[in-house]
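Here are the chains, one letter per residue:
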Amino acid sequence: MLFTCKGEWGMNKKIRTEAVDSLFEAILTLESKEECYSFFEDLCTVNELLSLSQRFEVATMLRKHDTYLRIAEKTGASTATISRVNRSLNYGDDGYALVFARMDSMKDFIEAEKAAGKASK
C-alpha cells in the first residue's frame, strides 16, 4: 500500500509502504555498530552507503555553520546535494534534528559518566 498524503508527523508519505515499514523495523532490531555494518553491507552497495554517510556528514557540517565551499571540499558533495540536505535541515520533518539531539544527549551522558569515574578515583 502506498500513501502519498501527509501522514504521521506531518511528513509527505510517498515512501510509507509496507516494505519500508518492514525495513525500518529490521533496522530498529540492530543493537550495535558492528550489527549495523553487517546489515548495511548486505543491504546496500558501497556507493549507496557512502552516499548516505556523505549526506549525514553534510548535515553535520551545515549544523556547525560550515560554508558550502568547505563542505564540498571536505565531503566531495555537490552543491546540489548540500542544498538538498540544507533544505531538509531547515524545512524537513526534523529527522536530522531528532537524531542530532539524541546523539548530543548520548555524548553528554558518556562525558558525565567519564567525569564521575575520574571524580571517584
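Reading the values: rules and limits
Residues numbered from 1 in each chain as written. Predicted model: local features only at pLDDT ≥ 70, side-chain atom pairs only at ≥ 80, totals over all residues. Heavy atoms only, no water. pLDDT = per-residue confidence, 0-100. Contact = heavy atoms within 4.5 Å. Helix = DSSP H or I, 4+ residues; strand = E, 2+ residues; numbered from the N terminus. Expected span 1.5 Å × (residues − 1). Buried < 20%, exposed > 50% of the residue type's maximum accessible area, 1.4 Å probe, protein only. Arc of directions from axis to C-beta. Axes fitted to C-alpha atoms, helices over the stretch in contact; angles between N-to-C directions. Parallel < 35°, antiparallel > 145°, perpendicular 65-115°, else oblique. Nonpolar A, V, L, I, M, F, W, Y, C, P; charged D, E, K, R; others polar. 1 Å grid on protein atoms, 1.4 Å probe; cavity = no way out; pocket = protein on both sides within 12 Å on 5 of 7 lines; lining within 4 Å. Points joined across faces, edges and corners; volume = space filled by probe spheres on them.

> What's the story with the confidence of the model for the protein chain in this structure? I'm lost.
Regions with low pLDDT carry predicted coordinates that are not meant to be interpreted in detail. Confidence in the prediction of the protein chain, expressed as mean pLDDT, is 89, and 88% of residues score 70 or more. pLDDT under 50 marks residues 1-10. Its contacts with residues more than four places away, or in other chains, come to 23 contacts.

> What is the right way to read helix H3 (residues 46-63) from this model?
Owing to its 3.6 residues per turn, the α-helix aligns residues three or four sequence positions apart on the same side. Compared with the 26 Å implied by 1.5 Å per residue over 18 residues, the 26 Å span of H3 between its first and last C-alpha is a close match. Restricting attention to buried positions, one finds in H3 the residues Val58, Ala59, Met61 and Leu62. End-on view of H3: buried residues confined to an arc of 165 degrees, all on one side of the axis. Facing away from the buried side of H3 by over 90 degrees, the exposed positions are Val46 and Leu50. Considering only its buried residues, H3 is in contact with helix H4 (68-75), helix H5 (79-91) and helix H6 (95-119). At the exit of H3 stands His65, carrying a positive phi of roughly 65 degrees.

> What is the right way to read the packing of H3 against H6 from this model?
Axes are the key here: two packed helices are described by the angle between their axes and the distance separating the axes. In the contact formed by H3 and H6, the axes pass within 12 Å of each other and the chain directions differ by 75 degrees. The orientation of H3 with respect to H6, classified from their angle, is roughly perpendicular. Residues Arg55, Phe56, Ala59, Thr60 and Arg63 of H3 touch H6, and the partners they reach there are Tyr96, Val99, Phe100, Met103 and Asp104. Along the lines of polarity and charge, the residues of the contact of H3 with H6 split into 6 nonpolar, 1 polar and 3 charged.

> It is not clear to me how the layout of surface pockets should be interpreted in this structure. Could you clarify?
Estimated volume of the largest pocket: approximately 2600 Å³. Lining the largest pocket are 46 residues; nearest its centre among them are Phe24, Ile27, Phe56, Gly95 and Val99. Where the lining of the largest pocket is concerned, the elements lending two or more residues are helix H1 (18-28), helix H2 (33-43), H3, H5 and H6. In terms of residues, the lining of the largest pocket owes the most to one element, H6, which gives 10 residues. Here the residues of the lining of the largest pocket sort into 26 nonpolar, 6 polar and 14 charged.

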